[in-house]
Amino acid sequence: NCKRLPDDPNYGDKAGDRFLYNGYVLHGEMIKNGTIRDVKNFEFRPQDVVVASFPKSGTTWLEEIVFLIQTHLDFKLAASTILESRFPYLEYPYPGLKSIAKQQGGRMIKTHLPLSLLPDDLLQKGTKVIYIMRNPKDVAVSYYHFFRLLSFVNYKGEFRDFLKSFMKNEVVYTPYFPHVLEYWNNRDNPNLLVVHFEEMKKDPETVVQKISNFLGKDLTYDEVRMIVEHTRFENMAINPSVNYSHWEDLGLVNKNEGKFFRKGAVGDWQNYFSEDLNRDFDSWISQNLENTKLAFIFAD
Ligand code: A3P
């Protein structure tokens, strides 16, 4: 169940190495070094908290919120250790599965994998999983910029090219709809909480409260307010512990392509979708959401 996708000239050298693996596009490295197989057998613990998402859906934002809730607002630790160390990325080579497995006690783990590529019993173990979703138009715009920003992806195409390959399920972690629906269809499972980027923008206090209830943590209203303030876009964008500014020193970003913290808005897609792209995309959404109760919010 593994097939290499044809090269796409819009990608830099290594980034084009994509495989279709059990229905999802993954980077070749994840398959060749066996990570994806090891993930399926990874031992999650009942005390673990997992933040899961399709890329560019607000993962970083949710991770910082969850970290503060889990540590009862340890702002000191949040400031002194970068998020990637506090919240390791499950399927990424660094720090890697072995290192995550060695961490004691309840861990906080990030993943972009769909449920079907994670251990079959993940939602039966007591491990708490929070999935964040965002409307696919804003996701596509954010993802496009991200692929131009990352020097090891070096995407050279126009937005239109990117969107077409997104709709054709050729971008890493697509297909988008099955990814979202695998989680959404399990939303009644008591170990899974699904939150929306757009509801976090509109009413962050309520969402932070909801997440803390889900994690079994009691927060006062003032504590909720402190977390909301700390995790506002403007504050996270200047916080070196979460804004990935160290990627610049590591040579991972193209400096002329903006920043990871780009706009953080709902509806920026309107600046990128032409009328015809929007029509095609809307009909693609309708086909994919037929017979589901899922709806997205596309504007403030
Ligand atoms: P934009 O590119 O639209 O600005 P992820 O963390 O999943 O990679 O998602 C990144 C997207 O979330 C980026 O979107 C980023 O700006 C946005 N984001 C990150 N933190 C945010 C916050 N506190 N409030 C609003 N948006 C945020």
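That block above? That's the structure.
Remember, predicted model here, so these are calculated numbers, not experimental data.

(A) Region of the structure containing the packing of helix H11 (residues 204–214) against helix H12 (residues 221–230). Look at H11 against H12: their axes get within 9 Å of each other, and the N-to-C directions meet at 115 degrees. One way to sum up the angle between H11 and H12 is to call them roughly perpendicular. Classified by chirality, the crossing of H12 by H11 is right-handed. Packed against H11, whose contacting residues are Pro204, Glu205, Val208 and Gln209, the element H12 presents Tyr221, Val224, Arg225, Ile227 and Val228 at the interface. A class-by-class count of the residues in the contact of H11 with H12 yields 6 nonpolar, 1 polar and 2 charged.

(B) A look at helix H3 (residues 59–70). Taking 1.5 Å as the rise per residue, H3 with 12 residues should run 16 Å; its terminal C-alpha atoms sit 16 Å apart, in good agreement. Taken across its 12 residues, H3 has 11 buried, putting it largely inside the fold. All of the buried residues along H3 are Thr59, Thr60, Trp61, Leu62, Glu63, Glu64, Ile65, Val66, Phe67, Leu68 and Ile69.

(C) Spatial organisation of the site of the ligand. Around the ligand, 18 residues are found, and the nearest of them are Thr59, Thr60, Ser142, Lys263 and Gly264. In the model, an oxygen atom of the ligand is placed 3.1 Å from a nitrogen or oxygen of the Ser57 main chain. Within the side chain of Thr60, an N or O atom sits 2.6 Å from an oxygen atom of the ligand. In the complex, the protein chains occlude 97% of the 570 Å² of accessible area that the ligand would expose alone.

(D) Region of interest: unusual backbone geometry. Across the junction of Tyr94 and Pro95, the peptide omega takes the value 5 degrees, indicating a cis bond. For Pro95, the location among the structural elements is in the loop between helix H5 (83–86) and helix H6 (97–102). The residue Leu73 is not glycine, and still its phi comes out positive at about 60 degrees. When you line up the elements, Leu73 lands in the loop between H3 and helix H4 (75–80). Accessibility expressed as a relative area gives 13% for Leu73, which makes it buried. At Asn169, a position not held by glycine, the phi torsion is positive, near 60 degrees.

(E) Up close: the packing of helix H8 (residues 159–167) against helix H15 (residues 275–289). Interaxial distance between H8 and H15 falls to 12 Å at its minimum, and their mutual angle equals 15 degrees. Relative to H15, the element H8 lies roughly parallel. Classified by chirality, the crossing of H15 by H8 is left-handed. Of H15, the residues touching H8 (which contributes Phe159, Arg160, Leu163, Lys164, Phe166 and Met167) are Asp276, Leu277, Asp280, Phe281 and Trp284. For the contact of H8 with H15, a count of residues per class yields 7 nonpolar, no polar and 4 charged.

(F) Region of interest: the packing of aromatic side chains. By the definition in use, this model includes 39 aromatic pairs. Judged by centre distance (4.9 Å) and plane angle (65 degrees), the ring pair of Phe177 and Trp284 falls under edge-to-face. Residue Phe177 is located in helix H9 (residues 176–184), and its partner Trp284 is located in helix H15; the two are separated by 107 residues in the primary sequence. Considering the side-chain rings of Tyr244 and Phe260, the 4.4 Å spacing of their centres and the 50 degrees angle between planes classify their relative orientation as tilted. Placement of the pair is Tyr244 in the loop between helix H13 (233–237) and helix H14 (246–249) and Phe260 in the loop between H14 and H15, with a sequence separation of 16 residues. The class of Phe260 is partly exposed, set by a relative accessible area of 21%. Across the ring face of Phe273, the terminal group of Lys137 is positioned such that the distance to the ring centre comes to 6.0 Å. Above the ring of Trp184, the side-chain terminus of Arg187 is found at 4.1 Å from the ring centroid.

(G) Representation of empty space enclosed by the protein in the model. The final tally for this structure, using the stated rule, is 2 cavities of 30 Å³ or more. In this structure, the largest cavity encloses a volume near 60 Å³. As for the largest cavity, its lining consists of Lys56, Ser142, His145, Phe146, Leu149, Glu257, Lys259, Phe260 and Arg262. Each residue belonging to the lining of the largest cavity can be placed in one class, and the counts come to 3 nonpolar, 2 polar and 4 charged. The volume enclosed by the second largest cavity comes to roughly 30 Å³.

(H) Structural detail: the sheet that holds strand E7 (residues 192–196). Pairing within the open sheet is parallel, and its 4 strands lie in the order E5-E4-E6-E7. Only two strands of the sheet have a single neighbouring strand rather than two, namely strand E5 (108–111) and E7. Averaged over neighbouring strand pairs, the angle between their axes works out to 20 degrees when direction is ignored. The sheet contact formed by strand E6 (residues 128–133) and E7 spans 5 bridges and is parallel. Across the sheet, Val129 pairs through a bridge with Leu192, a residue of E7. Strand contacts of H3: strand E4 (49–53), E5, E6 and E7, with the helix running at about 165 degrees to E4, the strand carrying the most contacts. Sitting on the sheet, H11 touches E6 and E7, and the angle it makes with E7 is about 170 degrees.

About the thresholds
- Residues numbered from 1 in each chain as written.
- Predicted model: local features only at pLDDT ≥ 70, side-chain atom pairs only at ≥ 80, totals over all residues.
- Heavy atoms only, no water.
- Axes fitted to C-alpha atoms, helices over the stretch in contact; angles between N-to-C directions.
- Helix = DSSP H or I, 4+ residues; strand = E, 2+ residues; numbered from the N terminus.
- Parallel < 35°, antiparallel > 145°, perpendicular 65-115°, else oblique.
- Left-handed = near helix turned anticlockwise from the far one by under 90°.
- Contact = heavy atoms within 4.5 Å.
- Nonpolar A, V, L, I, M, F, W, Y, C, P; charged D, E, K, R; others polar.
- Expected span 1.5 Å × (residues − 1).
- Buried < 20%, exposed > 50% of the residue type's maximum accessible area, 1.4 Å probe, protein only.
- Near = heavy atom within 4 Å.
- Polar contact = N/O pair within 3.5 Å; in protein donor to acceptor, adjacent residues only side chain to side chain.
- Areas by Shrake-Rupley, 256 points an atom, 1.4 Å probe, with all protein chains shown as cover.
- Phe/Tyr/Trp six-rings, centres within 6.5 Å; stacked < 30°, edge-to-face > 60°.
- Lys NZ or Arg CZ within 6 Å of the ring centre and 35° of its normal.
- 1 Å grid on protein atoms, 1.4 Å probe; cavity = no way out; pocket = protein on both sides within 12 Å on 5 of 7 lines; lining within 4 Å.
- Points joined across faces, edges and corners; volume = space filled by probe spheres on them.
- Pairing = 2+ DSSP bridges.

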